[in-house]
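Below, each chain spelled out in residue letters.
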Amino acid sequence: MRNSAHQFICAISCYREVAKEEKESTKMYIVERETFLRVLNDSQRVVVDARKFRLFRGQFKATSNGVKMTLDEWRSVLDAAEAVRKAIKMEAVDDTDEAETFIEVDSEDFLRLSVKMFKGMKYVHVRRYFRTEDDQLLPTRQGITLTGEGYESLVGRKDIIKGDIEAIQSLF
């Protein structure tokens, strides 16, 4: 049985193979273990995709765990960085895993950031929601969960991502 560090190194080399096969207009960056940030040319529009990848039979494959964001949504996620940092630093009222802080990102498409405790650790969720008939917002499967460090890594890539977005937009 291989250890996880070895699997992660294998994942990086598999990523390089996948990147060679991908279109020229796709860029990928490691956010945290098994989580990548991609800039995609998706049907003549640029999207930023945060997604989990897994090794499957020696191949590095995207999972359904992730969220594609329009450029406006991506900018909103970046703009919310300070509020997320404050929520991460904030002490929970109690030690239960029920403490959750929502940060509205895009009310039109119901993209939300939330910081939630789970087993004593704080995680940042970037997730789409939908509105029910009784006007309640419920989460969809379109989302990703990051550690605080992973979220900082995602936000820290903003300058690189900006350059990639401009390069892809110049192809149109």
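Worth saying up front: this structure is predicted, and the values here are computed from it rather than measured.

1. Comments concerning the overall build of the protein
Thought 1: When you go through the protein residue by residue, the secondary structure sums to five helices and eight strands.
Thought 2: Reading the helices (α) and strands (β) of the protein from amino to carboxyl end gives α-β-β-β-β-α-α-β-β-β-β-α-α.
Thought 3: Taking all 172 residues of the protein together, the buried fraction comes to 42%.
Thought 4: For the protein, the proportion of contacts with a sequence separation of at least 24, taken over those separated by at least 6, is 43%.

2. Description of the confidence of the model for the protein
Thought 1: Looking at the protein, pLDDT values average 78 and 77% of them are 70 or higher.
Thought 2: Low confidence marks residues 1–25, where pLDDT is under 50. Its contacts with residues over four positions away, or in another chain, come to 26 contacts.

3. Regarding the packing of helix 3 (residues 81–89) against helix 4 (residues 148–156)
Thought 1: Axis separation between helix 3 and helix 4 bottoms out at 11 Å; the angle between their running directions is 165°. As judged from the angle between their axes, helix 3 and helix 4 are roughly antiparallel. Our pair here, helix 3 against helix 4, has a crossing hand that is left-handed. Each of Ala81, Val84, Arg85 and Ile88 in helix 3 lies in contact with helix 4, whose residues at this interface are Gly148, Tyr151, Glu152 and Val155.
Thought 2: A breakdown of the residues in the contact of helix 3 with helix 4 according to their chemical character gives five nonpolar, one polar and two charged.

4. Here we look at the pairing of strand 3 (residues 46–56)
Thought 1: Of all eleven residues in strand 3, eight are buried; the element is thus mostly enclosed.
Thought 2: Bridge analysis of strand 2 (residues 35–41) against strand 3 gives seven bridges, and the strand direction is antiparallel. Along strand 3, the bridge assignment pairs Leu37 with Ala50.
Thought 3: Counting the residues between successive antiparallel strands, the hairpin from strand 2 to strand 3 contains four residues, one of them, Ser43, with a positive phi of roughly 55°.
Thought 4: Pairing between strand 3 and strand 4 (residues 59–69): eight bridges, direction antiparallel. Bridging from a neighbouring strand, Val48 pairs with Met69 of strand 4.
Thought 5: From the end of strand 3 to the start of strand 4, which pair antiparallel, there are two residues, and Arg57 there has a positive phi angle of about 50°.

5. Notes on the layout of surface pockets
Thought 1: Considered as a void within the structure, the largest pocket measures approximately 200 Å³ in volume.
Thought 2: Around the largest pocket sit Trp74, Arg75, Leu78, Asp79, Lys158, Asp159, Lys162, Ile165, Glu166 and Gln169, which together line it.
Thought 3: For the lining of the largest pocket, the secondary-structure elements that each account for two or more residues are helix 2 (71–79) and helix 5 (158–169).
Thought 4: Counting residues per element, the lining of the largest pocket draws most heavily on helix 5, which supplies six residues.
Thought 5: The residue makeup of the lining of the largest pocket, split by class, is three nonpolar, one polar and six charged.

6. Observations regarding the sheet that holds strand 2
Thought 1: On the basis of which strands lie adjacent, the open sheet formed by four strands has the order 1-2-3-4 and antiparallel pairing. Each edge of the sheet is formed by a strand with only one pairing partner; in this case those strands are strand 1 (27–32) and strand 4. For this sheet, the mean angle separating the axes of adjacent strands, direction not counted, is 35°.
Thought 2: Across the sheet, helix 2 lies against strand 2, strand 3 and strand 4, angled at about 85° from strand 4, the strand it touches most.
Thought 3: The sheet strands contacting helix 5 are strand 1, strand 2 and strand 3, and the helix crosses strand 2 at an angle near 25°.

Basis of the calculations
- Residues numbered from 1 in each chain as written.
- Predicted model: local features only at pLDDT ≥ 70, side-chain atom pairs only at ≥ 80, totals over all residues.
- Heavy atoms only, no water.
- Helix = DSSP H or I, 4+ residues; strand = E, 2+ residues; numbered from the N terminus.
- Buried < 20%, exposed > 50% of the residue type's maximum accessible area, 1.4 Å probe, protein only.
- Contact = heavy atoms within 4.5 Å.
- pLDDT = per-residue confidence, 0-100.
- Axes fitted to C-alpha atoms, helices over the stretch in contact; angles between N-to-C directions.
- Parallel < 35°, antiparallel > 145°, perpendicular 65-115°, else oblique.
- Left-handed = near helix turned anticlockwise from the far one by under 90°.
- Nonpolar A, V, L, I, M, F, W, Y, C, P; charged D, E, K, R; others polar.
- Pairing = 2+ DSSP bridges.
- 1 Å grid on protein atoms, 1.4 Å probe; cavity = no way out; pocket = protein on both sides within 12 Å on 5 of 7 lines; lining within 4 Å.
- Points joined across faces, edges and corners; volume = space filled by probe spheres on them.

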